[in-house]
Amino acid sequence: MPTIRCFSSLFFFLFMHFLLYFAMVEEPTESSPVHGESIPVYGTSEVIAKLHERTNVIKKNEKHVGMYSSVFGGITLDPALMVIPMDDHMIHRGHGVFDTTRIVNGYLYEVDKHIERFLRSASQAKINTFPFPHATLKNILLQLVAASLCKNGSLRFYLSSGPGNFLLSPSGCPTPTFYAVVIQEDYLPCKEGVKVITSTIPMKQPLFATSKNVNYLPNVLSKMLAEEKGAYAAIWVDDEGYIAEGSNLNVAFISKAGELLLPSFEKILSGITAKKLLELAPKLVEQKMLKSVTVKNITVAGAKNASEMMYLGSNLPVLPITMWDDKLIGDGKVGRLTLALSDLLYEDMLSGPERTLVSYAKKVFSNK
(Lines give C-alpha, C1' and ligand atoms only; values in the text may rest on other atoms or scores of the structure.)
Protein backbone atom coordinates (compact mmCIF):
# COMPACT_ATOMS: atom_id res chain seq x y z
CA MET A 1 0.00 0.00 0.00
CA PRO A 2 2.75 2.58 0.75
CA THR A 3 4.20 1.90 -2.72
CA ILE A 4 0.82 2.44 -4.38
CA ARG A 5 0.32 5.70 -2.51
CA CYS A 6 3.83 6.83 -3.50
CA PHE A 7 3.20 6.21 -7.21
CA SER A 8 -0.22 7.86 -7.02
CA SER A 9 1.31 10.95 -5.44
CA LEU A 10 4.08 11.05 -8.03
CA PHE A 11 1.60 10.76 -10.89
CA PHE A 12 -0.50 13.62 -9.49
CA PHE A 13 2.69 15.59 -8.91
CA LEU A 14 3.86 15.20 -12.52
CA PHE A 15 0.44 15.57 -14.11
CA MET A 16 -0.34 18.87 -12.34
CA HIS A 17 3.05 20.24 -13.30
CA PHE A 18 2.39 19.28 -16.91
CA LEU A 19 -0.87 21.25 -16.86
CA LEU A 20 0.89 24.24 -15.30
CA TYR A 21 3.60 24.21 -17.97
CA PHE A 22 1.11 24.44 -20.80
CA ALA A 23 -1.02 27.02 -19.04
CA MET A 24 2.04 29.29 -18.98
CA VAL A 25 2.58 29.20 -22.75
CA GLU A 26 1.67 32.61 -24.17
CA GLU A 27 1.49 31.72 -27.86
CA PRO A 28 -0.09 28.64 -29.45
CA THR A 29 2.21 25.81 -30.47
CA GLU A 30 1.55 22.89 -32.75
CA SER A 31 0.47 20.79 -29.77
CA SER A 32 -1.72 23.49 -28.17
CA PRO A 33 -5.48 22.89 -28.41
CA VAL A 34 -7.50 25.43 -30.39
CA HIS A 35 -11.08 26.44 -29.67
CA GLY A 36 -13.41 23.45 -29.88
CA GLU A 37 -10.62 20.90 -30.26
CA SER A 38 -10.50 17.89 -27.94
CA ILE A 39 -7.79 17.97 -25.29
CA PRO A 40 -5.93 14.66 -24.97
CA VAL A 41 -5.87 12.68 -21.74
CA TYR A 42 -2.37 11.30 -21.20
CA GLY A 43 -1.04 8.35 -19.28
CA THR A 44 1.97 8.56 -16.97
CA SER A 45 4.59 7.71 -19.61
CA GLU A 46 3.10 10.23 -22.05
CA VAL A 47 3.09 12.98 -19.41
CA ILE A 48 6.74 12.31 -18.63
CA ALA A 49 7.60 12.35 -22.35
CA LYS A 50 5.80 15.69 -22.76
CA LEU A 51 7.62 17.11 -19.74
CA HIS A 52 10.94 16.18 -21.31
CA GLU A 53 9.90 17.70 -24.61
CA ARG A 54 8.80 20.95 -22.98
CA THR A 55 11.86 21.12 -20.74
CA ASN A 56 14.16 20.92 -23.76
CA VAL A 57 12.48 24.04 -25.16
CA ILE A 58 12.24 26.11 -21.98
CA LYS A 59 15.50 25.36 -20.22
CA LYS A 60 18.09 25.69 -22.98
CA ASN A 61 19.85 28.49 -21.11
CA GLU A 62 19.24 27.22 -17.57
CA LYS A 63 21.34 24.38 -16.26
CA HIS A 64 19.28 22.86 -13.46
CA VAL A 65 21.52 19.93 -12.64
CA GLY A 66 19.99 18.51 -9.46
CA MET A 67 16.96 18.77 -7.19
CA TYR A 68 16.00 17.35 -3.81
CA SER A 69 12.34 17.02 -2.87
CA SER A 70 10.98 15.75 0.41
CA VAL A 71 7.80 14.83 -1.50
CA PHE A 72 9.58 11.74 -2.79
CA GLY A 73 12.44 11.87 -0.28
CA GLY A 74 15.35 11.92 -2.69
CA ILE A 75 17.36 13.56 -5.46
CA THR A 76 16.58 13.74 -9.17
CA LEU A 77 19.07 14.76 -11.86
CA ASP A 78 16.37 15.05 -14.54
CA PRO A 79 15.33 18.71 -15.12
CA ALA A 80 11.90 17.61 -16.38
CA LEU A 81 11.12 16.10 -12.97
CA MET A 82 12.29 19.13 -10.96
CA VAL A 83 8.73 20.12 -10.09
CA ILE A 84 6.49 20.62 -7.09
CA PRO A 85 2.80 19.77 -6.49
CA MET A 86 0.16 22.30 -7.51
CA ASP A 87 -1.55 21.97 -4.11
CA ASP A 88 1.60 22.98 -2.26
CA HIS A 89 0.72 26.08 -0.23
CA MET A 90 3.92 27.75 -1.39
CA ILE A 91 2.46 27.74 -4.92
CA HIS A 92 -1.11 28.93 -4.47
CA ARG A 93 -0.82 30.89 -1.18
CA GLY A 94 2.81 31.99 -1.08
CA HIS A 95 3.31 30.25 2.27
CA GLY A 96 6.97 29.40 1.96
CA VAL A 97 10.49 30.69 2.54
CA PHE A 98 13.75 30.30 0.68
CA ASP A 99 17.44 31.10 0.66
CA THR A 100 20.37 30.89 -1.73
CA THR A 101 24.04 30.10 -1.28
CA ARG A 102 26.86 29.88 -3.79
CA ILE A 103 28.89 26.89 -4.90
CA VAL A 104 32.45 28.07 -5.53
CA ASN A 105 35.15 25.69 -6.74
CA GLY A 106 33.49 22.72 -5.06
CA TYR A 107 32.71 24.47 -1.76
CA LEU A 108 29.46 25.82 -0.33
CA TYR A 109 30.04 29.41 0.75
CA GLU A 110 28.60 30.49 4.12
CA VAL A 111 26.00 27.73 3.96
CA ASP A 112 25.53 27.67 7.75
CA LYS A 113 24.60 31.36 7.84
CA HIS A 114 22.14 30.88 5.00
CA ILE A 115 20.53 27.91 6.78
CA GLU A 116 20.27 29.91 10.03
CA ARG A 117 18.50 32.76 8.24
CA PHE A 118 16.35 30.22 6.39
CA LEU A 119 15.15 28.73 9.68
CA ARG A 120 14.51 32.19 11.15
CA SER A 121 12.40 33.02 8.10
CA ALA A 122 10.50 29.74 8.52
CA SER A 123 9.79 30.59 12.15
CA GLN A 124 8.52 34.05 11.17
CA ALA A 125 6.27 32.40 8.57
CA LYS A 126 4.97 29.99 11.25
CA ILE A 127 6.10 26.93 9.33
CA ASN A 128 6.82 23.97 11.57
CA THR A 129 10.32 23.02 10.44
CA PHE A 130 10.33 19.53 11.95
CA PRO A 131 11.79 17.17 10.71
CA PHE A 132 14.26 19.57 9.06
CA PRO A 133 16.70 20.86 11.70
CA HIS A 134 19.91 22.63 10.70
CA ALA A 135 22.08 19.49 10.54
CA THR A 136 19.53 17.62 8.41
CA LEU A 137 19.22 20.47 5.94
CA LYS A 138 22.98 20.84 5.61
CA ASN A 139 23.40 17.11 5.03
CA ILE A 140 20.74 17.15 2.29
CA LEU A 141 22.31 20.17 0.58
CA LEU A 142 25.80 18.69 0.60
CA GLN A 143 24.59 15.38 -0.81
CA LEU A 144 22.54 17.16 -3.48
CA VAL A 145 25.49 19.23 -4.70
CA ALA A 146 27.72 16.14 -4.65
CA ALA A 147 25.21 14.17 -6.75
CA SER A 148 24.83 17.03 -9.22
CA LEU A 149 28.62 17.20 -9.77
CA CYS A 150 28.29 20.99 -9.92
CA LYS A 151 31.49 22.79 -8.89
CA ASN A 152 30.33 26.36 -9.56
CA GLY A 153 26.81 27.74 -9.39
CA SER A 154 24.05 28.53 -6.95
CA LEU A 155 22.05 26.42 -4.55
CA ARG A 156 18.47 27.51 -3.85
CA PHE A 157 16.39 25.87 -1.15
CA TYR A 158 12.78 26.26 -0.08
CA LEU A 159 10.60 25.28 2.87
CA SER A 160 6.84 25.23 2.40
CA SER A 161 3.89 24.57 4.66
CA GLY A 162 3.36 21.70 2.24
CA PRO A 163 0.76 20.17 -0.09
CA GLY A 164 -2.65 19.09 1.11
CA ASN A 165 -5.40 21.30 -0.29
CA PHE A 166 -6.17 24.60 -2.01
CA LEU A 167 -7.59 26.33 1.07
CA LEU A 168 -6.19 29.42 2.77
CA SER A 169 -5.20 27.72 6.00
CA PRO A 170 -2.35 25.18 5.94
CA SER A 171 -4.05 23.19 8.72
CA GLY A 172 -4.93 20.50 6.17
CA CYS A 173 -1.31 20.08 5.06
CA PRO A 174 0.14 17.00 6.80
CA THR A 175 3.77 18.11 6.86
CA PRO A 176 6.08 20.86 5.59
CA THR A 177 8.04 20.16 2.42
CA PHE A 178 11.67 20.95 1.67
CA TYR A 179 12.98 21.50 -1.84
CA ALA A 180 16.45 22.41 -3.13
CA VAL A 181 17.81 22.92 -6.63
CA VAL A 182 21.34 23.27 -8.00
CA ILE A 183 21.85 25.74 -10.86
CA GLN A 184 25.16 25.40 -12.63
CA GLU A 185 26.63 28.72 -13.73
CA ASP A 186 30.03 30.31 -14.08
CA TYR A 187 30.87 33.19 -11.83
CA LEU A 188 33.10 36.23 -12.20
CA PRO A 189 33.06 39.45 -10.17
CA CYS A 190 31.03 42.29 -11.69
CA LYS A 191 33.28 45.09 -12.91
CA GLU A 192 30.90 47.13 -15.09
CA GLY A 193 28.58 49.76 -13.64
CA VAL A 194 24.78 49.72 -14.01
CA LYS A 195 21.97 52.24 -13.91
CA VAL A 196 19.20 52.16 -11.27
CA ILE A 197 15.99 54.07 -10.64
CA THR A 198 13.92 54.89 -7.58
CA SER A 199 11.07 52.41 -7.31
CA THR A 200 7.50 53.69 -7.31
CA ILE A 201 6.21 50.23 -6.35
CA PRO A 202 5.33 50.21 -2.62
CA MET A 203 7.91 48.29 -0.60
CA LYS A 204 6.94 45.44 1.71
CA GLN A 205 6.18 46.11 5.36
CA PRO A 206 9.00 45.17 7.79
CA LEU A 207 7.18 42.02 8.94
CA PHE A 208 7.49 40.61 5.41
CA ALA A 209 10.62 42.43 4.24
CA THR A 210 12.81 41.15 7.09
CA SER A 211 12.17 37.47 6.28
CA LYS A 212 13.18 35.78 3.03
CA ASN A 213 9.77 34.53 1.94
CA VAL A 214 8.49 33.66 -1.53
CA ASN A 215 6.07 36.62 -1.68
CA TYR A 216 8.13 38.54 -4.22
CA LEU A 217 5.45 40.26 -6.31
CA PRO A 218 6.53 43.77 -5.19
CA ASN A 219 10.14 42.83 -5.97
CA VAL A 220 9.20 41.49 -9.41
CA LEU A 221 7.15 44.59 -10.29
CA SER A 222 9.96 46.84 -9.09
CA LYS A 223 12.49 45.00 -11.26
CA MET A 224 10.16 45.10 -14.27
CA LEU A 225 9.62 48.84 -13.79
CA ALA A 226 13.38 49.36 -13.85
CA GLU A 227 13.81 47.29 -17.00
CA GLU A 228 11.02 49.24 -18.72
CA LYS A 229 13.04 52.41 -18.03
CA GLY A 230 16.29 50.93 -19.30
CA ALA A 231 17.76 50.39 -15.85
CA TYR A 232 19.17 47.28 -14.20
CA ALA A 233 17.02 47.42 -11.07
CA ALA A 234 15.41 49.81 -8.61
CA ILE A 235 16.01 51.25 -5.15
CA TRP A 236 13.30 51.40 -2.51
CA VAL A 237 12.94 54.40 -0.21
CA ASP A 238 10.96 53.89 3.02
CA ASP A 239 8.06 56.01 4.24
CA GLU A 240 10.44 58.20 6.28
CA GLY A 241 12.53 59.04 3.24
CA TYR A 242 15.47 56.77 4.05
CA ILE A 243 17.20 54.37 1.66
CA ALA A 244 15.93 50.80 2.12
CA GLU A 245 17.19 48.22 -0.40
CA GLY A 246 17.12 47.15 -4.03
CA SER A 247 14.56 44.90 -5.68
CA ASN A 248 16.32 41.85 -4.24
CA LEU A 249 19.70 43.22 -3.19
CA ASN A 250 21.17 45.33 -0.43
CA VAL A 251 22.80 48.62 -1.34
CA ALA A 252 25.89 50.43 -0.03
CA PHE A 253 27.59 53.78 -0.57
CA ILE A 254 31.01 55.41 -0.32
CA SER A 255 30.64 58.96 0.91
CA LYS A 256 32.81 61.79 -0.38
CA ALA A 257 34.61 61.61 2.97
CA GLY A 258 35.58 57.99 2.25
CA GLU A 259 33.05 56.31 4.58
CA LEU A 260 31.41 52.98 3.72
CA LEU A 261 27.71 53.47 4.50
CA LEU A 262 25.00 50.79 4.63
CA PRO A 263 21.30 51.43 5.38
CA SER A 264 19.90 50.17 8.68
CA PHE A 265 18.53 46.61 8.57
CA GLU A 266 15.47 47.37 10.77
CA LYS A 267 12.99 47.44 7.88
CA ILE A 268 14.77 45.31 5.28
CA LEU A 269 16.26 41.86 4.84
CA SER A 270 19.47 41.32 6.75
CA GLY A 271 21.75 40.50 3.84
CA ILE A 272 24.43 37.90 4.49
CA THR A 273 26.72 39.43 1.86
CA ALA A 274 26.14 42.89 3.34
CA LYS A 275 27.06 41.61 6.79
CA LYS A 276 30.15 39.87 5.42
CA LEU A 277 31.17 43.18 3.85
CA LEU A 278 30.82 44.88 7.24
CA GLU A 279 33.09 42.18 8.65
CA LEU A 280 35.76 42.48 5.94
CA ALA A 281 35.72 46.23 5.18
CA PRO A 282 37.69 47.25 8.32
CA LYS A 283 40.74 45.78 6.53
CA LEU A 284 40.50 48.74 4.14
CA VAL A 285 40.20 51.08 7.13
CA GLU A 286 43.44 49.63 8.49
CA GLN A 287 45.04 50.25 5.10
CA LYS A 288 43.69 53.83 5.24
CA MET A 289 41.71 53.31 2.04
CA LEU A 290 38.42 53.79 3.92
CA LYS A 291 37.79 56.29 6.69
CA SER A 292 35.12 54.23 8.51
CA VAL A 293 32.36 51.62 8.19
CA THR A 294 28.89 52.64 9.36
CA VAL A 295 25.31 51.31 9.35
CA LYS A 296 22.78 54.13 9.67
CA ASN A 297 19.71 55.79 8.17
CA ILE A 298 20.66 57.38 4.84
CA THR A 299 18.60 60.06 3.11
CA VAL A 300 18.06 60.08 -0.64
CA ALA A 301 19.94 63.39 -0.95
CA GLY A 302 22.87 62.01 1.00
CA ALA A 303 22.88 58.80 -1.02
CA LYS A 304 22.81 60.55 -4.39
CA ASN A 305 25.68 62.74 -3.23
CA ALA A 306 27.87 59.68 -2.64
CA SER A 307 31.06 59.23 -4.62
CA GLU A 308 30.41 55.49 -5.17
CA MET A 309 27.40 53.21 -4.95
CA MET A 310 26.94 49.44 -5.21
CA TYR A 311 24.50 46.54 -4.92
CA LEU A 312 25.36 43.63 -2.62
CA GLY A 313 24.11 40.05 -2.94
CA SER A 314 25.13 36.40 -2.80
CA ASN A 315 25.27 36.05 -6.59
CA LEU A 316 27.35 39.18 -7.24
CA PRO A 317 28.81 39.77 -4.58
CA VAL A 318 29.28 43.46 -5.51
CA LEU A 319 27.67 45.19 -8.48
CA PRO A 320 28.83 48.79 -9.12
CA ILE A 321 26.13 51.43 -9.68
CA THR A 322 27.18 54.45 -11.74
CA MET A 323 23.86 56.21 -12.43
CA TRP A 324 20.70 56.70 -10.39
CA ASP A 325 17.59 58.35 -11.85
CA ASP A 326 19.67 59.91 -14.66
CA LYS A 327 22.14 61.38 -12.14
CA LEU A 328 25.73 60.20 -12.26
CA ILE A 329 27.11 58.71 -9.06
CA GLY A 330 30.42 60.44 -8.47
CA ASP A 331 32.13 60.83 -11.82
CA GLY A 332 29.96 58.15 -13.41
CA LYS A 333 32.76 55.58 -13.39
CA VAL A 334 33.21 52.44 -11.31
CA GLY A 335 35.05 53.52 -8.16
CA ARG A 336 38.32 52.05 -6.87
CA LEU A 337 36.85 51.40 -3.42
CA THR A 338 33.92 49.51 -4.91
CA LEU A 339 36.37 47.30 -6.77
CA ALA A 340 38.51 46.88 -3.64
CA LEU A 341 35.47 45.75 -1.65
CA SER A 342 34.49 43.39 -4.45
CA ASP A 343 37.98 41.88 -4.38
CA LEU A 344 37.77 41.39 -0.60
CA LEU A 345 34.51 39.48 -0.89
CA TYR A 346 35.66 37.44 -3.86
CA GLU A 347 38.88 36.42 -2.11
CA ASP A 348 36.84 35.32 0.90
CA MET A 349 34.61 33.23 -1.36
CA LEU A 350 37.70 31.53 -2.81
CA SER A 351 39.73 30.98 0.34
CA GLY A 352 37.85 32.25 3.41
CA PRO A 353 37.14 30.21 6.55
CA GLU A 354 33.36 29.88 6.02
CA ARG A 355 33.52 27.39 3.17
CA THR A 356 32.24 23.82 3.39
CA LEU A 357 33.89 21.23 1.15
CA VAL A 358 31.56 19.08 -0.94
CA SER A 359 32.54 15.39 -1.13
CA TYR A 360 31.67 14.58 -4.72
CA ALA A 361 30.64 11.00 -5.47
CA LYS A 362 32.93 9.00 -7.74
CA LYS A 363 29.92 7.55 -9.53
CA VAL A 364 26.48 9.07 -9.78
CA PHE A 365 23.44 7.10 -10.90
CA SER A 366 21.29 9.39 -13.05
CA ASN A 367 17.54 8.83 -13.10
CA LYS A 368 17.08 10.56 -16.43
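Here, the structure is the one placed above.
In every chain, residue numbers begin from 1 and rise along the written sequence. For a predicted model such as this one, the threshold for reporting local features is a pLDDT of at least 70, and the threshold for listing and counting side-chain atom pairs is 80 or more; totals across whole chains, interfaces and linings nevertheless cover every residue. To get the side-chain values, take all heavy atoms of the structure and skip hydrogens and water.

What exactly am I supposed to notice about the packing of helix 8 (residues 272–280) against helix 11 (residues 336–351) here?
In a pair of packed helices, the angle between the axes and the distance between the axes together describe the arrangement. Axis lines are fitted to C-alpha atoms, over the contacting stretch for helices. Their N-to-C directions set the angle, which ranges from 0 to 180 degrees. Only DSSP runs of H or I with at least four residues qualify as helices, and only runs of E with at least two residues qualify as strands; both kinds are numbered from the N terminus onward. Between helix 8 and helix 11, the shortest axis-to-axis distance is 10 Å and the interhelical angle comes to 105 degrees. If you check the angle between helix 8 and helix 11, you find them roughly perpendicular. Taken together, the residues of helix 11 that come into contact with helix 8 (itself represented by T273, K276, L277 and L280) are L341, L344, L345 and D348. Note that Gly is not counted as nonpolar here; it falls among the polar residues with everything else outside the nonpolar set of Ala, Val, Leu, Ile, Met, Phe, Trp, Tyr, Cys and Pro and the charged set of Asp, Glu, Lys and Arg. Among the residues making up the contact of helix 8 with helix 11, the classes are represented as 5 nonpolar, 1 polar and 2 charged. Roughly parallel means an angle under 35 degrees; roughly antiparallel, over 145; roughly perpendicular, 65 to 115; everything else is oblique. A contact between two residues is defined here by any heavy atoms of the two lying within 4.5 Å.

Help me understand a nonpolar patch on the surface, please; the structure alone is not making it clear to me.
Surface patches are defined over residues having more than 30% relative accessible area and no salt bridge, joining like charges when they lie within 9 Å and nonpolar side chains (Val, Leu, Ile, Met, Phe, Trp, Tyr) when within 5 Å. Accessible surface is estimated by sampling points in the Shrake-Rupley manner with a 1.4 Å probe; for residues, cover comes only from the protein chains shown. Just to be clear on terms, a salt bridge is a Lys or Arg side-chain nitrogen sitting within 4 Å of an Asp or Glu carboxyl oxygen. Taken together, the side chains of L217, V220, L221 and M224 make up a nonpolar region of the molecular surface, amounting to roughly 350 Å² of accessible area. Along the chain, L221 turns up in helix 7 (residues 217–228). The class for L221 is partly exposed, based on a relative accessible area of 38%. Each residue gets one of three labels from its accessible area relative to the maximum for its type: buried under 20%, exposed over 50%, partly exposed in between, using a 1.4 Å probe on protein chains only.

Explain the environment of G241 here, please?
Structurally, the position occupied by G241 is in the loop between strand 8 (233–237) and strand 9 (243–246). In the structure, G241 is positioned 58 residues away from T299 in sequence and 6.2 Å away in space, judged by C-alpha atoms. The contact partners of G241, leaving out residues within four places of it in the chain, are I298, T299 and V300.

What am I meant to see in the packing of helix 4 (residues 111–124) against helix 5 (residues 134–148) here?
Contact geometry of helix 4 with helix 5 gives a least axis separation of 10 Å together with a crossing angle of 125 degrees. When the axis of helix 4 is compared with that of helix 5, the two are oblique. The hand of the helix 4/helix 5 crossing is right-handed. Contacts between helix 4 and helix 5 involve V111, D112, I115, E116, F118 and L119 from the former and H134, L137, K138 and L141 from the latter. Residues of the contact of helix 4 with helix 5, tallied by class, amount to 6 nonpolar, 1 polar and 3 charged. Each crossing is labelled by how the near helix is turned from the far one, with a counterclockwise turn of less than a right angle marking it left-handed and a clockwise turn marking it right-handed.

Looking at this structure, how should I read the packing of aromatic side chains?
A ring pair, where both rings are aromatic, is described by two values, the distance of the centres and the angle of the planes. Aromatic pairing here means that ring centres of Phe, Tyr or Trp (its six-membered ring) are within 6.5 Å. Orientation follows from the plane angle: under 30 degrees is stacked, over 60 is edge-to-face, and everything else is tilted. Counting across every chain of the model gives 10 aromatic pairs. Taken together, a centroid distance of 5.4 Å and an interplanar angle of 75 degrees make the contact between F98 and Y216 edge-to-face. One end of the pair, F98, is in strand 3 (residues 96–104); the other, Y216, is in the loop between helix 6 (206–209) and helix 7, with 118 residues separating them in the sequence. For F98, a relative accessible area of 7% corresponds to the buried category. Consider the rings of Y187 and Y346, whose centres lie 5.6 Å apart with planes at 50 degrees: the pair is tilted. Of this pair, Y187 sits in the loop between strand 6 (177–184) and strand 7 (194–198) while Y346 sits in helix 11, placing them 159 residues apart in sequence. A connected cluster of aromatic rings, assembled from ring pairs, spans Y68, F118, F132, F157 and F178. For the cation-ring pair, K223 lies above Y232, with the distance from its terminal atom to the ring centre recorded as 3.8 Å. We call a charge positioned above a ring when the Lys NZ or Arg CZ atom is no farther than 6 Å from the ring centre and deviates by at most 35 degrees from the ring normal.

In this structure, what is going on with the sheet that holds strand 3? I would like to understand it.
Two orientations exist for strands paired in a sheet by backbone hydrogen bonds: parallel and antiparallel. Pairing within the open sheet is antiparallel, and its 7 strands lie in the order 2-1-6-5-3-4-16. The open sheet terminates on both sides in strands that have one partner only, identified here as strand 2 (74–76) and strand 16 (355–357). Averaged over all neighbouring strand pairs, the angle between strand axes comes to 25 degrees, with direction disregarded. At least two bridges found by DSSP between two strands are what make those strands a pair. Note that strand 5 (residues 153–160) and strand 6 share 8 bridges and pair antiparallel. Across the sheet, residue Y158 finds its bridge partner in strand 6, namely Y179. Seen against the sheet, helix 5 touches strand 1 (64–69), strand 2, strand 3, strand 4 (107–109), strand 5, strand 6 and strand 16 and runs at an angle of roughly 35 degrees to strand 6. Across the sheet, helix 11 touches strand 3, strand 4 and strand 16, and the angle it forms with strand 16 is around 30 degrees.

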